[in-house]
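Each chain, written out:
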Amino acid sequence: MNTLMKRRQKQTEDTDIDMVPIMNMFLVLIPFLLSSASFFDINAIHTSVPVHHNQTQTDEQNTKVSETILPVIEVTEKGIVLYALSDQIAADILEKWEISLSKQGESYPLSEILPYLKDMKNRFPKSDTILVIPEENITYETIIHTMDMARNSADQQLFPNVVLSEKI
Amino acid sequence: MALGQRRYQKKSFVIPKLQITSMMDMFTIILIFLLFSFSDNPEKLHIDKGLVLPKSASQMDCEKNITVSLSLDCLKIGDEHIANIHQGIIQGFDSQYPEHSTLYKKLIAVRHDLEQTNADEKLSINIFCDHRLPYKTIHQVIKISGMAGFPHFQFAVLKNQEGGAL
């Protein structure tokens, strides 16, 4: 009976796994990962200012490029104004994208201009530039949100080239 | 007899085992956390204490360029203090004569240096701007930068973790 008990005890005896090499590996991996860790994920929005072109350059471009429009978003203290500019498209077509939306409390109704921007993009898919004209007291955060809205919707890319300007 | 006892004591000494299970648990947690925050292009950026970047859905990486940082009270190029900002107005900036400003002179000097080293490279500026600043402040910087030969900009933003357009 005693021998049977001893045999069972021997069979169930714990075996220690040697953790030291794993520990060594961790000690090498952790400093490496610490050095290449980024705790803030900083991205960028590319933008530019309007650049002066000479007349011959723009004429050459106009003959090559198919019909495009330039949507303009004006961000004012009262709300948003959206309209489109184009030399090649009739004014009555452009008129249907002229909208003015008032500020709702402290926030701007940016999502409401999205269907209009999508419509412009679907009608003129070659258009890729949008002009954003904020008033001088509009905060940087509002401008960034407007740019986000103008550049991409959830399902399609709209106008990836954002040009910032001031009202002339 | 005494010698015999000493021998017995020596034999019974067992090397203590280090309990590393809990340490292993800790290291595993740290390892997983670091793996999630791993970046293939980590950059050291010195951002002012009061500067809070806006959040954006942009997915584009921030390329290495000249850094202009605009906090609520000061304007810097890299780590160099250029001018103070008071209520959104850059001190020493005259809209009639923007070329007299320190920022313009500094950017011209930077451009000359860059043109000598890598002439073919597209000149661009990274703007780190506080989300509360008004457009008039940013516009002053953009205007001067454009005049100094930097028409392209990258606005630095924090990645919006929720994703999608705002």
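Residues numbered from 1 in each chain as written. Chains lettered and ligands numbered in written order. Predicted model: local features only at pLDDT ≥ 70, side-chain atom pairs only at ≥ 80, totals over all residues.

## What to know about the overall build of chain B
When helices and strands are tallied, chain B shows 4 helices and 7 strands. Starting at the N terminus and walking to the C terminus, you meet the elements of chain B as α-α-β-β-β-β-β-α-β-α-β. Residues classed as buried in chain B amount to 23% of the 166 residues present. (Helix = DSSP H or I, 4+ residues; strand = E, 2+ residues; numbered from the N terminus. Buried ≥ 20, exposed ≤ 12 C-beta atoms within 10 Å, placed from the backbone.)

## So, the confidence of the model for chain B
Across chain B, the average pLDDT comes to 80, with 84% of residues at 70 or higher. Overall fold confidence (pTM) sits at 0.73, and the ipTM for the predicted complex is 0.73. (pLDDT = per-residue confidence, 0-100.)

## Some thoughts on the environment of H152(B)
Residue and element names in this part refer to chain B. By secondary structure assignment, the location of H152 is in strand β7 (residues 152-159). On the basis of neighbour counts, which here come to 16 C-beta atoms within 10 Å, the residue H152 falls in the partly exposed class. The spatial distance from the C-alpha of H152 to the C-alpha of G88 is 22 Å, given a sequence separation of 64 residues.

## A word on the packing of helix α3 (residues 102-117) of chain B against helix α4 (residues 135-147) of chain B
All names here are of chain B. Two elements in contact, α3 and α4, have axes whose closest approach is 9 Å; the angle formed by their N-to-C orientations is 40°. One way to sum up the angle between α3 and α4 is to call them oblique. Along this stretch, α3 crosses α4, giving a crossing that reads as right-handed. Seen from α3, the contacting residues are L103, Y104 and L107; seen from α4, they are V141, I144, S145 and M147. A per-class count over the contact of α3 with α4 returns 6 nonpolar, 1 polar and no charged. (Axes fitted to C-alpha atoms, helices over the stretch in contact; angles between N-to-C directions. Parallel < 35°, antiparallel > 145°, perpendicular 65-115°, else oblique. Left-handed = near helix turned anticlockwise from the far one by under 90°. Contact = placed C-beta atoms within 7 Å. Nonpolar A, V, L, I, M, F, W, Y, C, P; charged D, E, K, R; others polar.)

## Overview of the interface of chain B and chain A
Contact residues are listed per partner, giving 44 residues for chain B and 41 residues for chain A. Broken down by secondary-structure element, the contributors of at least two residues to the side of chain B that touches chain A are α2 (21-36), α4 and β7 of chain B. When residues of the side of chain B that touches chain A are assigned to their parent elements, the largest contribution, 8 residues, is made by β7(B). Split by residue class, the side of chain B that touches chain A holds 27 nonpolar, 11 polar and 6 charged. Sheet analysis places strand β1 (residues 42-48) of chain A next to β7(B), joined by 7 bridges and oriented antiparallel. Paired with I45(A) across the strands is F155(B), a residue of β7(B). (Pairing = 2+ DSSP bridges.)

## With respect to unusual backbone geometry
A negative phi angle characterises most non-glycine residues, just as the trans form characterises most peptide bonds. One non-glycine residue, Q87(B), lies in the positive phi region at around 50°. Here Q87(B) lies in the loop between β4 (80-86) and β5 (89-90).

## What to know about the packing of helix α2 (residues 20-35) of chain A against α2(B)
Two elements in contact, α2(A) and α2(B), have axes separated by 10 Å at closest approach and are oriented at 30°. α2(B) is crossed by α2(A), and the crossing has left-handed handedness. Facing I22(A), M23(A), F26(A), L29(A), I30(A), L33(A) and L34(A) of α2(A), the residues of α2(B) in contact are M24(B), F27(B), I30(B), L31(B), L34(B) and L35(B). Classifying every residue of the contact of α2(A) with α2(B) gives 13 nonpolar, no polar and no charged.

## Here we look at the nonpolar core
Grouped together as the largest cluster of nonpolar side chains are 54 residues, with contacts concentrated most on V132(A), A150(A), L70(B), I127(B) and F155(B). For this core, the leading source of residues is helix α6 (residues 140-151) of chain A, giving 6 residues. Among all residues touching A150(A), those that are not within four sequence positions of it are I73(A), L117(A), I130(A), V132(A), L158(A), F159(A) and V162(A). (Core = buried A, V, L, I, M, F, W, Y, C linked by C-beta atoms within 7 Å.)

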